[in-house]
Amino acid sequence: MTPATPRTPGSATPATPATPGTPGQATPDPAARRRGRPPRAESGDTRDRILAAARAEFSERGYEKTSVRGIAKTAGVDSALVHHYFGTKEQMFEAAIEVAFAPALRGRDAVLAGPLADAGERMTRMIFGLWENPATRTPLLAIVRSAVNNDTAAAALRRLVSAQLLRRIAGELGTEDAELRAELAAAQLVGTAMLRYVIKVEPLASADVEQVIARLAPVVQTHLTGA
């Protein structure tokens with residue numbers, strides 16, 4: 001029988017390395033939040049979740065009080081992922097308002113679909129249809145309030161409206177002052193919407209929307225075509 005190897009005082013028996021899954025070994029938490037880029041299969045869902053969080057944050061807090069860190073926290077991701085997908089806070093705001101403004105961009109095609117002689121009424125109905133619908137009115141209010149209170153947000157909204165809405169409408173007018181005409185028409189509608197839905201000036205705020213459209217459409221038509 002082989003004698004046991006003597007141990008000196010204070011020495012310890014070497015521990016046998018644990019293998020994965022053995023009792024006592026800490027295993028990675030699969031629910032732990034990943035840092036950095038997500039797997040490709042998850043990237044689309046992650047981007048959509050960040051975008052939804054951004055819309056919620058900008059709607060609730062406005063541009064100035066919203067932070068990339070706050071968006072990341074709401075989305076349940078790392079701040080680095082927000083920058084990875086969208087860049088700066090201004091770019092994040094542009095992406096968020098483009099989604100919220102999508103119904104107006106789709107409505108732009110409806111404005112241009114018929115005769116120019118009726119474009120004023122179609123444009124008026126399209127804008128007020130967005131404001132009358134609670135689902136689209138809420139994000140529009142957030143966009144307008146942010147743009148009124150912050151120059152950076154205003155510039156982002158201006159780029160979106162000018163590039164994707166007014167220039168397309170102006171391109172169909174075929175006049176030298178087409179861009180000015182389109183902008184005056186938009187100013188008529190945006191100004192009225194501000195008084196009715198944001199500032200809520202009476203009796204405009206409580207007036208029947210069809211009555212408002214009937215009064216405004218001929219004015220918008222005059223701006224667009226001079227007819």
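Above this text you will find the structure in question.
Residues numbered from 1 in each chain as written. Predicted model: local features only at pLDDT ≥ 70, side-chain atom pairs only at ≥ 80, totals over all residues. Heavy atoms only, no water.

## Quick word on the packing of aromatic side chains
Centre-to-centre distance and the angle between the planes together describe a pair of aromatic rings. For the structure shown, the criterion picks out 6 aromatic pairs. Both rings, one in Tyr63 and one in Phe93, keep their centres 5.2 Å apart while their planes meet at 85°; by these two values the pair is edge-to-face. Placement of Tyr63 in helix α1 (residues 40-65) and of Phe93 in helix α4 (residues 89-100) is noted, with a sequence separation of 30 residues between them. Relative accessible area serves as the criterion here: at 8%, Tyr63 is assigned to the buried category. Between the aromatic rings of Trp131 and Tyr197, the centroid separation amounts to 5.2 Å while the plane-to-plane angle is 10°, which identifies the pairing as stacked. Of this pair, Trp131 sits in helix α6 (residues 119-132) while Tyr197 sits in helix α9 (residues 178-198); the two residues are 66 residues apart in sequence, bridging distant segments of the chain. With respect to class, Trp131 is no different from Tyr197; both count as buried. Three or more aromatic residues joined by ring pairs make a cluster, and in this case those are Phe58, Tyr63 and Phe93. Here the basic side chain of Lys89 rests over the ring of Tyr63, its NZ or CZ set 4.5 Å away from the ring centre. (Phe/Tyr/Trp six-rings, centres within 6.5 Å; stacked < 30°, edge-to-face > 60°. Helix = DSSP H or I, 4+ residues; strand = E, 2+ residues; numbered from the N terminus. Buried < 20%, exposed > 50% of the residue type's maximum accessible area, 1.4 Å probe, protein only. Lys NZ or Arg CZ within 6 Å of the ring centre and 35° of its normal.)

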